[in-house]
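Notes for the structure review
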Amino acid sequence: MLSTAETLSPETVAGYRRDGFVHVPRVLHAAEIEEFLSDALDVLAAEEKTRWGEDGATVLDFVENSQLKSEAMRRLALHPRITGVAERLAGAPLRLFKSELLRKSGGSRPTEAHFDEFALPFSGAEVGLTAWVALVDVPMERGCLTFVPGSHRLPPSERAADAWDAYGREEVRWMPRVAVPVRAGDCTFHHTRVVHAAGGNATDRTRISVATVYMDAAAVFRPTGNEHIDGLAGGGEPVAGQPLQGERFPLVGEGHSP
Ligand code: AKG
């Protein structure tokens with residue numbers, strides 16, 4: 001049976017609110033996985049990629065705003081099963097902010113522990129979350145995500161460095177970590193403040209996944225001062241406090257039927 005907003009138990013929703021992440025198996029069926037994986041490979045071949053990594057050691061590379069790069073990637077970002085689950089977990093109406101099509105090739109390094117909020121130029125109700133959709137099987141050794149349950153409920157850190165060295169924060173350092181292997185077609189959902197990381201890819205198969213960020217439907221532009229991050233809020237010159245809406249940031253709530 002496929003997972004939908006309707007099949008999520010109240011315990012699963014409560015677990016997400018407590019832990020800041022949840023694994024939802026079987027969100028996509030086999031034909032969808034095949035279609036989205038095939039399109040993802042085409043988009044990766046055709047589009048400019050951003051490399052994450054230093055000193056020649058790649059963590060992953062990704063196509064930014066992949067929801068704008070193909071019809072299928074937009075359909076995946078607005079997929080009714082995924083967005084239905086996202087809204088049920090958030091407990092609030094959401095808008096699409098952006099997708100990233102992620103490629104972690106064999107031999108890639110681990111993804112450093114971080115949380116997402118600081119790299120997202122919006123503010124609103126604290127319900128923002130990412131759906132991370134696996135398009136291939138991702139066991140531990142292929143670099144599945146690891147989460148720090150409850151870290152989204154810690155008070156904001158005083159140290160800016162904690163965003164990117166999240167295990168370096170003393171309170172986080174001693175908290176349990178949970179690694180979540182996933183099958184193709186599964187999703188994990190994580191809160192914008194939860195600390196997460198991923199292993200390296202020690203296999204010879206490339207890890208392909210799509211991470212889509214959803215925000216509070218009433219979210220407004222919150223400049224971060226980083227030109228690249230602020231540019232994610234769309235063309236023109238958005239003004240602080242301006243609502244993020246319209247075609248670029250659609251409400252996801254229409255048509256949640258499976
Ligand atoms: C995210 O989706 O927020 C991530 O940090 C993804 C990291 C990864 O896929 O290794």
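What you see is a predicted model, and the numbers here were worked out from it, not measured in a lab. (Residues numbered from 1 in each chain as written. Predicted model: local features only at pLDDT ≥ 70, side-chain atom pairs only at ≥ 80, totals over all residues. Heavy atoms only, no water.)

Within the largest apolar cluster, 55 residues are counted, with the highest numbers of intra-cluster contacts made by Ile82, Leu89, Leu129, Leu135, Phe189 and Tyr214. The biggest single contributor to this core is helix H2 (residues 30-46), with 6 residues. By size, the runner-up hydrophobic cluster in this structure holds 11 residues, among which are Met215, Phe221, Leu232 and Phe249. (Core = buried A, V, L, I, M, F, W, Y, C linked by side-chain atoms within 4.5 Å. Buried < 20%, exposed > 50% of the residue type's maximum accessible area, 1.4 Å probe, protein only. Helix = DSSP H or I, 4+ residues; strand = E, 2+ residues; numbered from the N terminus.)

Attention now goes to helix H4 (residues 80-90). Counting buried residues along H4, 9 of its 11 residues qualify, which places the element largely inside the surrounding structure. Looking at H4, one finds that the buried residues are Arg81, Ile82, Thr83, Gly84, Val85, Ala86, Glu87, Leu89 and Ala90. Backbone geometry just downstream of H4 places glycine 91 in the positive-phi region, at approximately 75°.

On to the packing of aromatic side chains. Inspection of the entire model under this criterion finds 6 aromatic pairs. Seen in terms of ring centroids, tryptophan 52 and tryptophan 164 are 5.4 Å apart; in terms of plane orientation they differ by 85°. Their pairing is edge-to-face. Within this pair, whereas tryptophan 52 is found in strand E2 (residues 50-54), its partner tryptophan 164 is found in the loop between strand E8 (145-147) and helix H5 (170-173), the two being separated by 112 residues in sequence. Classification of tryptophan 164 as partly exposed rests on a relative accessible area of 39%. Geometrically, the ring pair formed by phenylalanine 97 and phenylalanine 122 is edge-to-face, given 5.1 Å between the ring centres and 65° between the ring planes. With a gap of 25 residues between them, phenylalanine 97 in strand E4 (residues 94-104) and phenylalanine 122 in strand E6 (residues 122-123) connect regions that are remote in the sequence. An aromatic cluster is present here, built from Trp52, Phe115, Phe118 and Trp164 joined pairwise through their rings. (Phe/Tyr/Trp six-rings, centres within 6.5 Å; stacked < 30°, edge-to-face > 60°.)

Across the sheet, which stays open at both edges, the 7 strands sit in the order E1-E10-E7-E12-E4-E3-E2 with antiparallel pairing between neighbours. Of all the strands in the sheet, just strand E1 (21-24) and E2 have a single pairing partner and so form its edges. The mean angle between the axes of side-by-side strands here comes to 20°, regardless of whether they run parallel or antiparallel. Where strand E7 (residues 129-134) meets strand E10 (residues 187-191), 5 bridges bridge the pair, whose relative direction is antiparallel. Note on E10: the bridge partner recorded for valine 133 is cysteine 187. Sheet strands touched by helix H1 (residues 10-19): E1, E7 and E10. Its angle to E1, the strand with the most contacts, is close to 145°. (Pairing = 2+ DSSP bridges. Axes fitted to C-alpha atoms, helices over the stretch in contact; angles between N-to-C directions. Contact = heavy atoms within 4.5 Å.)

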